Amino acid sequence: METQTVEQMPTQYDALNIEKEIYKFWEENELFKANANSDKPPYTIVIPPPNVTGVLHMGHALDGTLQDILTRYYRMSGYEALWLPGTDHAGIATQNVVEKKLREENKTRFDLGREEFLKLTWQWANEHKGTILNQFKRLGASFDRTRERFTLDKGCNDAVKEVFVRLYEKGLIYKGAYIVNWCPRCCSAISDIETVYETEMGSLWEISYPLKNEAGAIVVATTRPETMFGDAAIAVNPNDYKYKELIGKKVVMPLTGREIPIIADEYVDKSFGTGAVKITPAHDPNDYEVGKRHNLKSIWVIDENGKMKANGYVPKELHGLDRYQARKKTIEMLKIQETLLRTLPHEHNVGKCQRCNTTIEPMLSEQWFVKMEPLAKKAIEAINKGEIKFIPERYTKNYLSWMENIRDWCISRQLWWGHQIPAYYHIETGEMVVAKENPNPKLYKQDEDVLDTWFSSGLWPFSTLNWPDIDNADFKKFYPTTTLVTGFDIIFFWVARMITMGYEFTGEAPFSTVYIHGLIRDEQGQKMSKSKGNTIDPVQIIDKYGSDALRFTLTSLNTFGAQDIKISDERFEYGRNFANKIWNASRFTLMNICDVDDIQIDFNNLTIADKWILNKLNETIKLVNDNLKTFRFGETAHILYEFFWNNICDWYLEISKVQLGDEKISMNTKRVLKYLFDTTLRLLHPIMPHITEKIWQLIPYVKNSSCNALIIASFPIPDEKYNFALESKQMEVVFETIKSLRNLRQSLNINTGALIDIVIDANKEEEIIFKAIESYIKRLAKVNSILYNSQEIKDKKCVNCAVSNSKIIVPLDNLINFEDELSRQNKKLLKLTNERNSLESRLNNEKFMQNAKEELINQTKTRIDEIIARENVIKELIENLKQ
RNA sequence: GGGCGUUUAGCUCAAUUGGUAGAGCGUCUCCCUUACAAGGAGAGGGUUUGGGGUUCGAGUCCCUAAACGCCCACCA
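About the thresholds
- Residues numbered from 1 in each chain as written.
- Chains lettered and ligands numbered in written order.
- Predicted model: local features only at pLDDT ≥ 70, side-chain atom pairs only at ≥ 80, totals over all residues.
- Heavy atoms only, no water.
- Helix = DSSP H or I, 4+ residues; strand = E, 2+ residues; numbered from the N terminus.
- Buried < 20%, exposed > 50% of the residue type's maximum accessible area, 1.4 Å probe, protein only.
- Salt bridge = Lys/Arg side-chain N within 4 Å of Asp/Glu carboxyl O.
- Pairing = 2+ DSSP bridges.
- Axes fitted to C-alpha atoms, helices over the stretch in contact; angles between N-to-C directions.

**Points about unusual backbone geometry**
- Note that the residue after W467, namely P468, is joined by a cis bond; omega there is 10°.
- Phi at A90 takes a positive value of approximately 50°, unusual for a residue other than glycine.
- In this fold, A90 is placed in the loop between β3 (86-87) and α3 (91-104).
- The class of A90 is buried, set by a relative accessible area of 5%.
- The backbone of L255 shows a phi angle near 70°, a positive value even though the residue is not glycine.
- Tracing the sequence through the fold places L255 in the loop between β10 (250-252) and β11 (259-264).

Okay, here's the thing in structure tokens:
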């Protein structure tokens, strides 16, 4: 790393350059690389693989930051930490991108053929693979890229085939004809959870179906008149007296004249619409079930592209028409025939393809499914036994209710980009063989379909560790993984599947903890999306504010259990300002400790302030450890911010200026400063890795031969020898005194430059404390002299303030506004009196005395004594002011 | 329809087993004091969404109402 002297450090932190320099340092020294042969206990996180087509968004930035914090924390805490990176081949998304490019050249994938198309897609994927993970690097991600994986690489493909074959042999994978969610744009089946429902305003059309051979008709209500050509029956509720007589009769369909029966089925809701439903088994899931019960024929009238089929069931005028045009045309035709009775406005939920937002067409087709129930069983038990914990816990319920009502998973996709299903059909006989390899390529042809992307993602925690080779070092060392970090939006898509697959194939939980964080939203709480144009690009934020600033801000916003995290560009100023504060405080410290010796802190030569800050640091160490262990990231950030800014910067550094000027304690103060910064930078490192690494390496002596980088330095743990309860309490007097005097100066409008003289009227006990802290008071409150004899200023005009149980008197030569001062003191007194009254009423309450903890009672008594003493001081002041 | 979450200062959010509310930003004063104006010092600002209950004591626990948000289910 470049050497730089403290004097050369600019007054503003140059995040951009320093972050690049530091990341390079980590990479060149291979500090992210995990060692499968080490003796340390493992800590493993596998990245939720971002889409290979993707670019970094704020969700990744948050997710990545949290994973990096954990990885760095455990790495520093003595674990063999592995954060395993990789990308997802993202079946539909990637294929869509490549097809779009082809379309620009007026080509389709069919023009190229499967082999050529895949070649092109691989080329594209390989070109883009690096993009997103390189963007993760800007975040400071300490993942081990020597172990980087891709869900479609050879190893993952082997794992997928192994899993598919085993599940098939167990009877847990089957092929069958069912109604699936069909996306006419993607031209593929999709699973239930890839279908999102949106409420839309539509119409409910009432169509009259005349009875056969007699007068009268039955009126059905439908939202989809274009499917009527596939009707196989009209259904009514068996208990519906309106239609009792009609059950078993036939109707003649309008437009086509085909005859269909009227049947009775419980499924029909008497109160909805007209109480009569047309049944279209090939194009509606409920109708399909009804059809099965009544042995109805499935009639396809819409094809894979969402166009009307050109068959005998569909009127010629509609052949090849898009489903929406066909709907319009059908209505027109019905109107002419006067069989359309009414059109009612109707709000309903329409299923859309999660990927392309096209309206789903429920369609009967033959697909591959995973039988989920037996697999889910183990995954449910695991949670109930506590083998896997969700954090926050409430997501457990979510997960369980989904698992308990799980339905079979449609895993085949009519795409080319993905894991091709390892099923082979005999060219002549059609006999099917499911196997990892084609038994004879001359005789067998592989199934054309590929697997749902989430099928391979579901194996990610072990496929990336070289499963099914369970004897390899990585799998042995790092599986099961430790923590999974992700957003709640993919619990079902991904987490649930990893758990089921993990148990089925490795016999154990793929991870012990699932940490669920919130989702990033814009200032208004809206989801960020490109189409809304409300996205904030993390890379731009890093360029503008710095990576550590981004990380710190995101972390601080991610308080425990938060499910929305609202951000705006300006919010990152918070992190930037903090980074800058760290930078400048460190500059100050480094300048002052450049000649520090390499000797331990002399505990016999510590000042009250030293002991206070060491005590505070020790408390902070405990809090940070506790909060990081329990995934309280936002809280950790706040604790560190508060400690660094309010304790170190606002007080200790100012006090250290006094101490550094005192020969007797100067060197020991430097040692304290060194220890303080060394330790605090370690605490901050997981959240703000770059700036802390940079500064830490500039601290004299801390970078020794056994550890030349903060990233692998040990994380602080609390140590009793730094507990100084008494001195910490005494320091409160310093703070109170200085604050009171500052307050006084401000309210009396005393020139900031002017030094004042003060007289302290204290009891013996407190006088000792005040004498010990005189130098701090003088410096920080700009005091010239301190006297302890109030007699000397008896006749002077004075203004006073109460501090602890003492009185600080400031003689004034110039006039002050006694009215203002009086009201200020009265206000203070009132506040104290109110507090005392409230506390006293507690003590007077028998039940409180019975029920409250003794400690609390004692605390209350002590507090009352304190208040009384202060009240007396203030009352006296008020009397003086009145005179 | 079922489930979950949220509601605290003008805004964004804290408050770890119930002990009497804090921070950042914004506002107002003052200050370029030799680490930092991306800074320092100080001030103002809250019947903790409404109602009821348990308790000596409730932002915190229970009931209830409302508003907002999310997830699941998918009635033509």
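**Observations concerning the pattern of salt bridges**
- Enumeration according to the criterion identifies 48 salt bridges in this entry.
- D447 is paired through a salt bridge with K175; the nearest N and O atoms lie 3.8 Å apart. Within this pair, whereas D447 is found in the loop between β20 (444-446) and β21 (450-451), its partner K175 is found in strand β5 (residues 173-183), the two being separated by 272 residues in sequence.
- Residue class for K175 comes out partly exposed when judged on its relative accessible area of 31%.
- Its salt-bridge partner being D626, residue K622 comes within 2.8 Å of it at the nearest N-O pair. Of this pair, K622 and D626 both sit in helix α18 (residues 608-629), four residues apart, roughly one helical turn.
- For D626, a relative accessible area of 34% puts it in the partly exposed group.
- Salt bridges linked by common partners bring R224, E226, R323, R327 and E361 together as one network.

**Side note on the pairing of strand β8 (residues 217-222)**
- For β8, a buried count of five out of six residues is recorded, marking the element as mostly surrounded by other parts of the structure.
- Relative to β8, strand β7 (residues 195-210) runs antiparallel, the two sharing six bridges. Within the sheet, the bridge partner assigned to S208 lies in β8 and is V219.

**Looking at the sheet that holds β20**
- With antiparallel pairing, three strands are arranged side by side in an open sheet as β19-β18-β20. The strands lining the two open edges of the sheet, one partner per strand, are β19 (432-434) and β20. The mean angle between the axes of side-by-side strands here comes to 30°, regardless of whether they run parallel or antiparallel.
- As defined by bridge partners, strand β18 (residues 423-426) adjoins β19 across three bridges and the pair is classed as antiparallel. Its bridge partner being in β19, A423 is matched across the sheet by V434.

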